[in-house]
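# Chains, contacts and geometry: an overview
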Amino acid sequence: MKVLITGGAGFLGSHLADAFLERGDEVFILDRGPTLKIRHLLGHHALHFVHDSLFNETILDGLIARVDLVTTSPRSSASSTTSATRTKC
Ligand SMILES: NC(=O)c1ccc[n+]([C@@H]2O[C@H](COP(=O)([O-])OP(=O)(O)OC[C@H]3O[C@@H](n4cnc5c(N)ncnc54)[C@H](O)[C@@H]3O)[C@@H](O)[C@H]2O)c1
């Protein structure tokens with residue numbers, strides 16, 4: 001399965017990325033912050049890191065079109081009421 005994790009470089013998202021990669025999924029992380037918590041994953045063949053904001057609609061739409069599942073860390077969407085409507089399951 002292909003999974004997009006917005007805020008995937010944060011506390012919850014990095015653990016989600018670990019778990020999805022561990023079970024063999026392909027993971028796309030969209031995060032505008034530092035990569036400290038995912039530095040151990042950055043060379044992983046199934047990990048794609050996009051350094052941008054989830055409020056960049058062009059980037060977000062392109063990523064959503066490529067995945068089967070979108071998960072959003074609470075803090076990465078805290079300032080938006082529209083991002084939840086863009087999430088697909
Ligand atoms: N050790 C602990 O127990 C611990 C540590 C950290 C957080 N927490 C808890 O976890 C919960 C939140 O975790 P989290 O993972 O959501 O928070 P987080 O702050 O760890 O991660 C949020 C991520 O979202 C990214 N982000 C923010 N706005 C964004 C945007 N517009 N576009 C793209 N990326 C964006 C940030 O760069 C960050 O990497 C809270 O309840 C917090 O108290 C617990």
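In this report, we go over the structure that sits alongside the text. Every value quoted in this text rests on a predicted model; they were computed, and no experiment measured them.

## With respect to the pattern of salt bridges
- For the structure shown, the criterion picks out 1 salt bridge.
- Here aspartate 25 ties to arginine 23 by a salt bridge, and the two come within 2.3 Å at their closest N and O atoms.
- Look at arginine 23 and you get exposed, because its relative accessible area is 56%.

## Concerning the site of the ligand
- Taken together, 16 residues lie near the ligand, and Phe11, Leu12, Asp31, Leu54 and Pro74 sit nearest.
- Contact between the ligand and glycine 10: an oxygen atom at 3.2 Å from a main-chain N or O atom of the residue.
- A distance of 3.2 Å is found between an oxygen atom of the ligand and a side-chain nitrogen or oxygen belonging to serine 73.
- Contact with the protein chains hides 66% of the accessible area of the ligand, taken as 850 Å² for the molecule alone.
- Across the shell around the ligand, the residue classes break down as 6 nonpolar, 6 polar and 4 charged.

Conventions and cut-offs
- Residues numbered from 1 in each chain as written.
- Predicted model: local features only at pLDDT ≥ 70, side-chain atom pairs only at ≥ 80, totals over all residues.
- Heavy atoms only, no water.
- Salt bridge = Lys/Arg side-chain N within 4 Å of Asp/Glu carboxyl O.
- Buried < 20%, exposed > 50% of the residue type's maximum accessible area, 1.4 Å probe, protein only.
- Near = heavy atom within 4 Å.
- Polar contact = N/O pair within 3.5 Å; in protein donor to acceptor, adjacent residues only side chain to side chain.
- Areas by Shrake-Rupley, 256 points an atom, 1.4 Å probe, with all protein chains shown as cover.
- Nonpolar A, V, L, I, M, F, W, Y, C, P; charged D, E, K, R; others polar.

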